[in-house]
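Letter by letter, the chains look like this.
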Amino acid sequence: MIDLSGKRLLVTRAAEDAPEWAREIARAGGRPVILPCVVVERLTDRDTAAALRGALRGAAWLALASRRGAEAAADLVGGELPPSVKIAAVGPSTAAAARRRFGRCDLVPPEATGRGLAIALRQALSASREKAPVVVAAADRGRREIEEILAPEGVEVRRVAVYRSRPAPPASPRRRLGRDELDAVLLASPSAVRGLLNQAEVDARLPLVTIGPTTSEAVRHAGLRVAAEARRPGIHGLLEVVP
C-alpha cells in the first residue's frame, strides 16, 4: 500500500483531470496541490467528425487510448458505431467511458499502456484472421505504438486526432513553488513539463517525478533533473516512486 504520510505533491494535469489524481494522493495520505499545466481542447468541428466517420467505414476496431479519446470520439459520431466495428480500450477507466458512451467495450489489454493495447489488438486480429483497418481516436500528438506493432502485420491503421493538448500559457508573474513547501512534482507529459515552466519558477532541487521516458527526456531537455520515473503507467505508478 502506498503511504505518502502528509507529503505535498504538485498535480500538473489539466484542470478537468486534476481532481482524480488529487483524490488518489489524499487516499494515500498525501496533500495534493493543483496547478494545471496542460490545456486540452476537443476537436468538435465537422471536418474531424467526417474524418472519423469515414475512417470507421470498413474498419474492424476502434482503438481508444484514453478516457478523453473515448468521450471525444463518441461526441463526434453521436455514440453510434457500425455494428462490425469492435471497441478496444487501453485500460479500465477508458473502458468504462466506452461502455458509458457506446454501450460496450470488446477488449481491454492486461497491460494498460499503448503498447499493451497494440499487442492485444495484434493477437485479436491474428485469432480472427482479420486484416481490416484499425481506427485510432487519440490526441493529435499521441504515440504511435499501434502503428509500430500492427503495420508489420499488414494491418492498416487509420489515426484520427479527436483532441489536442498544449502547455498552459506563460503566467505573469510565475508562481513561486517554494512557497508551497512541495515534496515532489508529478509530470505526465512533455506538455506538462513545458506548461510547468510557463506557470512557475522551478527550483532545480525540487524532486520531479515523471510518468515515463518521453516525459523524463523533456525534463532533462529543460535542464532539470528527474528524481524518479514511474515503472508503470498511471497515478499509482507515479505515487509508488515518489521519493
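Further up the page is the structure itself.
These numbers come from a predicted model, not from an experiment. (Residues numbered from 1 in each chain as written. Predicted model: local features only at pLDDT ≥ 70, side-chain atom pairs only at ≥ 80, totals over all residues. Heavy atoms only, no water.)

K.L.:
Would you mind showing me how to read the sheet that holds strand β1 (residues 8-11) here?
P.N.:
For sheets, the rule is that strands pair by backbone hydrogen bonds, running either parallel or antiparallel. If you walk across this open sheet you meet the five strands as β2-β1-β9-β11-β12, and the pairing is parallel. The open sheet has two free edges, formed respectively by β2 (31-34) and β12 (226-229), since each of these has just one partner strand. On average, each strand axis in the sheet is inclined to that of its neighbour by 30°, with strand direction left out of account. Note: β1 against strand β9 (residues 184-187), three bridges, orientation parallel. Note on β9: the bridge partner recorded for Leu10 is Val185. Sheet strands touched by helix α8 (residues 213-221): β9, β11 (208-210) and β12. Its angle to β12, the strand with the most contacts, is close to 175°. (Pairing = 2+ DSSP bridges. Helix = DSSP H or I, 4+ residues; strand = E, 2+ residues; numbered from the N terminus. Axes fitted to C-alpha atoms, helices over the stretch in contact; angles between N-to-C directions. Contact = heavy atoms within 4.5 Å.)

K.L.:
Explain the nonpolar core here, please?
P.N.:
For soluble globular proteins, the rule of thumb is that nonpolar side chains tend to be buried together. In terms of nonpolar packing, the biggest core is built from 50 residues, with Leu52, Leu62, Leu64, Phe102, Leu177 and Leu196 touching the most fellow members. Take this core: its biggest share by element is six residues, from helix α3 (residues 67-77). Aside from chain neighbours lying at most four places away, what touches Leu64 is Gly69, Ala70, Ala73, Ile87, Ala88, Ala89, Val90, Thr94, Ala98, Phe102, Leu117 and Ala137. With 19 residues, the next largest nonpolar core counts Ala88, Leu117, Val136 and Val157 among its residues. (Core = buried A, V, L, I, M, F, W, Y, C linked by side-chain atoms within 4.5 Å. Buried < 20%, exposed > 50% of the residue type's maximum accessible area, 1.4 Å probe, protein only.)

K.L.:
Just to check I follow, could you spell out the side chain of Asp17 for this structure?
P.N.:
The residue Asp17 is located in the loop between β1 and α1 (18-27) in this model. Here Arg68 takes part through its side chain, which lies 2.6 Å from a polar atom of the side chain of Asp17. Excluding anything up to four places from it in sequence, Asp17 contacts Arg67 and Arg68. (Polar contact = N/O pair within 3.5 Å; in protein donor to acceptor, adjacent residues only side chain to side chain.)

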